[in-house]
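Fold and contact review
Residues per chain, in single letters:
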Amino acid sequence: MVLYKACPRCQGDLNLNKDMYGEYKECLQCGFSQDIQPKPRKAFDWAKTRGKPGRRRKAA
Ligand SMILES: [Zn+2]
């Protein structure tokens, strides 16, 4: 899904994407990205996200 001319930075087109953290908008022209937060993320339970990829520490 694309939001045309919705970029606050360059008035470009924002593409709606989704990753493991939720949905976000990304500008096709300038790379601007913005999270879409339908619900407050403060309720997010970090205790359940142990081992999420990319942020993992090796035990040592
Ligand atoms: Zn842009």
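Cut-offs and rules
- Residues numbered from 1 in each chain as written.
- Predicted model: local features only at pLDDT ≥ 70, side-chain atom pairs only at ≥ 80, totals over all residues.
- pLDDT = per-residue confidence, 0-100.
- Helix = DSSP H or I, 4+ residues; strand = E, 2+ residues; numbered from the N terminus.
- Pairing = 2+ DSSP bridges.
- Buried ≥ 20, exposed ≤ 12 C-beta atoms within 10 Å, placed from the backbone.

**Some points on the confidence of the model for the protein chain**
With 73% of its residues at a pLDDT of at least 70, the protein chain reaches an overall mean of 83. Put simply, strand β4 (residues 33-35) is where the protein chain has its lowest mean pLDDT, 91, and strand β1 (residues 2-3) is where it has its highest, 94.

**Concerning the sheet that holds strand β3 (residues 22-27)**
Across the sheet, 4 strands lie side by side as β1-β2-β3-β4; this open sheet has antiparallel pairing. Two strands close off the open sheet at either side, each with one partner strand: β1 and β4.

**Comments concerning unusual backbone geometry**
Although it is not a glycine, Lys5 adopts a positive phi angle of roughly 55 degrees. Within the element layout of this structure, Lys5 appears in the loop between β1 and β2 (14-19). For Lys5, a count of 11 C-beta atoms within 10 Å translates into the label exposed. In this model, Gln11 sits at a positive phi of 65 degrees, which is unusual for a non-glycine residue. Structurally, Gln11 can be placed in the loop between β1 and β2.

**Looking at the pairing of β2**
Note that β1 and β2 share 2 bridges and pair antiparallel. Paired with Leu3 across the strands is Leu14, a residue of β2. Here 6 bridges tie β2 to β3, and the two strands are oriented antiparallel to one another. Along β3, the bridge assignment pairs Leu14 with Cys27. Between β2 and β3, which pair antiparallel in sequence order, lie 2 residues.

**Looking at the pairing of β3**
When a strand is regular, its side chains alternate between the sheet's two faces. Direction of pairing for β3 relative to β4: antiparallel, over a ladder of 3 bridges. In the sheet register, Tyr24 faces β4, and the bridge partner there is Asp35. Connecting the antiparallel pair β3 and β4 is a turn made up of 5 residues, with Gly31 showing a positive phi of about 85 degrees.

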